[in-house]
Amino acid sequence: MAGRVEGKVAFITGAARGQGRSHAIRLAQEGADIIAVDLNEAIPGTGTPGASDADLAETVAAVEALDRRIVATKADVRDYAGIKAAVDAGVAELGRLDIVSANAGIASLPHLTHELDEEVWQTMIDINLTGVWHTAKATIPHLIEGGRGGALVLTSSAAGLKAYANIAHYVSAKHGVVGLMKTLAVELAPHRIRVNSLHPTQVDTPMIQNQATYELFTGNAEATKEDFEPISQSLNALPIPWVDPVDVSNALLWLASDEARYVTGVPLPIDAGTVLK
């Protein structure tokens, strides 16, 4: 039986690990070839260890093990020319583009809004909002030129649907993604290109599973994942501490497939009910 995205090509940012790697694997399992990019460097001030060239190579190996093709490049979503070059090269090699996952993003250490450093604010906006726009800007011409429609899925957050104290820059960027998604959905509808956004709660990836996060939520510099778990669970309505990357990937797969052929302009929570709390 053919896969749900058989014969299609997907472009994924932030593909070296975490949700991005999960997206690449899940789409490949359902028949897609992949164009993958990641920065493969740490971003100061996030508290999250950076991905590496080895991480991106692991994504490549996982996709190739599924007998799918993958073109992987080191690129920074803040650099439009670099992202465009990666997209253009991938499409030239794989022959088409059908699915876009604007997934790359960063977290941040907490700051009161009036105490946010200018550079910390700007880095967040540059990656989590402008980087999404760069991804759309670089890929939309290929989707239109293909003449087959397509699916553009922007990764936002539960913080794109509700407020959280002490991360105004993150909340602002993720709310901005929703506005961008809705505008693109209107603009691209005549081309049968659907645009939607994903809104996860905390996801079991290195973005939250690190010592800085454990200390932040517990106040204990020696806290462990087990110490963090009940606190994280308290944020969700369902009795779970976080969702798995594949839960977000399954939502992406559905939005990218013909099963969602008339779904556009939708902010889709994969949030265990956190936006209700």
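Residues numbered from 1 in each chain as written. Predicted model: local features only at pLDDT ≥ 70, side-chain atom pairs only at ≥ 80, totals over all residues. Heavy atoms only, no water.

Under an unreviewed UniProt entry, the chain has the name (+)-trans-carveol dehydrogenase and belongs to Klenkia brasiliensis. The UniProt entry for the chain carries the following comment under Sequence similarities (unreviewed entry): "Belongs to the short-chain dehydrogenases/reductases (SDR) family." (UniProt positions renumbered as here; feature names shortened; annotations may be inferred.)

S.K.: Break down the overall build of the chain for me, with residues and values.
M.R.: Along the chain, the regular secondary structure elements total eight helices and seven strands. The C-alpha radius of gyration of the chain comes to 18 Å, within 12% of the 19 Å expected for a compact globule of 277 residues. In terms of its C-alpha atoms, the chain occupies a principal-axis envelope of roughly 50 × 40 × 35 Å. The 277 residues of the chain split such that 52% are buried. Contacts in the chain between residues far apart in sequence, at least 24 positions, make up 73% of those at least 6 positions apart. With the model as given, the accessible surface of the chain reaches about 11,900 Å², and the carbon-plus-sulfur share is 54%. Put simply, the chain has 21 plus and 33 minus side-chain charges, and the middle of one group is 9 Å from the middle of the other. (Helix = DSSP H or I, 4+ residues; strand = E, 2+ residues; numbered from the N terminus. Rg over C-alpha atoms; globule rule 2.2 N^0.38 Å. Buried < 20%, exposed > 50% of the residue type's maximum accessible area, 1.4 Å probe, protein only. Contact = heavy atoms within 4.5 Å. Areas by Shrake-Rupley, 256 points an atom, 1.4 Å probe, with all protein chains shown as cover. Lys, Arg positive; Asp, Glu negative; His and termini not counted. Charge placed at Lys NZ, Arg CZ, Asp CG, Glu CD.)

S.K.: Report on unusual backbone geometry, specifying residues and quantitative values.
M.R.: Phi at Asp67 is positive, roughly 65°, even though this residue is not glycine. Its place among the elements puts Asp67 in the loop between α2 (53-64) and β3 (70-74).

S.K.: Can you lay out the environment of Ile140 for me, pointing to particular residues and giving the numbers?
M.R.: Among the secondary structure elements, Ile140 is positioned in helix α4 (residues 118-146). Setting aside its immediate chain neighbours within four residues, Ile140 contacts Leu152, Leu184 and Leu188.

S.K.: Quick one: what's the story with the sheet that holds strand β2 (residues 33-38), residue by residue and with numbers?
M.R.: Read across the open sheet, the seven strands follow the order β3-β2-β1-β4-β5-β6-β7; overall the sheet is parallel. Looking at the sheet topology across the chains shown, the edges are occupied by β3 and β7 (267-270). Adjacent strand axes in the sheet meet at a mean angle of 15°, parallel and antiparallel pairs treated alike. By the bridge criterion, four bridges tie strand β6 (residues 193-200) to β7 in an arrangement that is parallel. Bridge pairing in β7 links Leu198 to Leu268. Of the strands in this sheet, β1 (9-13), β2 and β3 are in contact with helix α3 (residues 80-94), which crosses β2 at around 160°. Contacts between α4 and the sheet are confined to β1, β4 (99-102), β5 (150-155) and β6, with β4 contributing the most and set at about 175° to the helix. (Pairing = 2+ DSSP bridges. Axes fitted to C-alpha atoms, helices over the stretch in contact; angles between N-to-C directions.)

S.K.: Break down the pairing of β4 for me, citing the residues and quoting the values.
M.R.: Taking every second residue as pointing to the same face, both faces of β4 are buried, with Ile99 and Ser101 on one and Val100 and Ala102 on the other. Across three bridges, the pairing between β1 and β4 is parallel. Among the inter-strand pairings, Ala10 is bridged to a residue of β4, identified as Ile99. Following the chain from β4 across α4 to the adjacent parallel β5, one finds a crossover that is right-handed. (Right-handed = clockwise from strand over helix to strand, strands pointing away.)

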